[in-house]
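Chain and residue survey
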Amino acid sequence: MKESIAKNKLRQKMKRARFALSDAKIVGFASAGAERVMAYLREACIDPADGYLAAYCAIQNEWTPDVLMAAWEDRGGRCCLPRTDDNRLVFCATDKAACRPRGPLGLPEPPADALSLSPDEIAVLIVPGLAFDDSGYRVGFGAGFYDRFLSNLRRSGRPSPLVIGVGYDFQVIASVPRSDHDEPLDLVITPRKTYRCI
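Because the structure is predicted, anything quoted here is derived from the model rather than measured.

Let's talk about the side chain of aspartate 182
Following the sequence through the fold, aspartate 182 ends up in the loop between strand S11 (172–173) and strand S12 (187–189). Look at aspartate 182 and you get buried, because its relative accessible area is 8%. A polar side-chain atom of aspartate 182 sits 3.5 Å from a polar atom in the side chain of histidine 181. If sequence neighbours within four positions are ignored, aspartate 182 has contacts with Lys7, Tyr137, Asp147 and Pro177.

Considerations on the pattern of salt bridges
For the structure shown, the criterion picks out 7 salt bridges. One salt bridge in this structure joins lysine 7 and aspartate 182, with 2.9 Å as the shortest N-O distance. You can see lysine 7 sitting in helix H1 (residues 2–19) and its partner aspartate 182 sitting in the loop between S11 and S12, a full 175 residues away along the chain. Here glutamate 43 ties to arginine 196 by a salt bridge, and the two come within 2.8 Å at their closest N and O atoms. Taken together, the residues span a long stretch of sequence, with glutamate 43 in helix H2 (residues 23–43) and arginine 196 in strand S13 (residues 194–196) at a distance of 153 residues. Residue class for glutamate 43 comes out exposed when judged on its relative accessible area of 54%. Residue classification places arginine 196 among the partly exposed positions, given a relative accessible area of 49%.

Remarks on the side chain of arginine 18
Its location among the elements puts arginine 18 in helix H1. Despite its burial, arginine 18 remains without a salt bridge, the nearest opposite charge being carried by glutamate 62 at 4.3 Å. If near-sequence neighbours (up to four positions away) are discounted, arginine 18 is found in contact with Ile59, Gln60, Asn61, Glu62, Gly129, Leu130, Phe141, Tyr168, Phe170 and Gln171.

Analysis parameters
Residues numbered from 1 in each chain as written. Predicted model: local features only at pLDDT ≥ 70, side-chain atom pairs only at ≥ 80, totals over all residues. Heavy atoms only, no water. Helix = DSSP H or I, 4+ residues; strand = E, 2+ residues; numbered from the N terminus. Buried < 20%, exposed > 50% of the residue type's maximum accessible area, 1.4 Å probe, protein only. Polar contact = N/O pair within 3.5 Å; in protein donor to acceptor, adjacent residues only side chain to side chain. Contact = heavy atoms within 4.5 Å. Salt bridge = Lys/Arg side-chain N within 4 Å of Asp/Glu carboxyl O. Lys, Arg positive; Asp, Glu negative; His and termini not counted.

Geometry only, nothing functional implied.
Set out below in structure tokens:
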């Protein structure tokens, strides 16, 4: 219960900080963050030919992955976006322009007829959040979609994509409140820093 209250307070604080960002800063941070992610992927020898880059449609002044997706596609890669389906995430090969507000949270999602992918086809999973720590834990909006997706994938024994949390520098704090079901990320990348978590 205390954990839940702490998470909700943190969510509100980070939402306020994000809404205070100007459009110019959001654009600048998107470019700087995309450069840092792509630099890490080159260093880790992860190539667009290895599979899809799974991203998301940014809302409420989130760090936007649009520049990163374009950079991945410029190198010959393909991108996919999440859709909610029976309380789980399904990643679909689609264009952001095809996404419309739908699903249980009213978030922009691919259409129902978009091609759904196997998790094995994803090389890099980009995960949004409201707050992160350098151990790879995050606080999201609270619905648990990414935690369930990662838990199911990791328990299945199937190959897991590289999981990268992305956000602004102020979103990384010393330690986020954790629950038993929270799944850690491999890295957290901000416009100014890369945190190797696992």
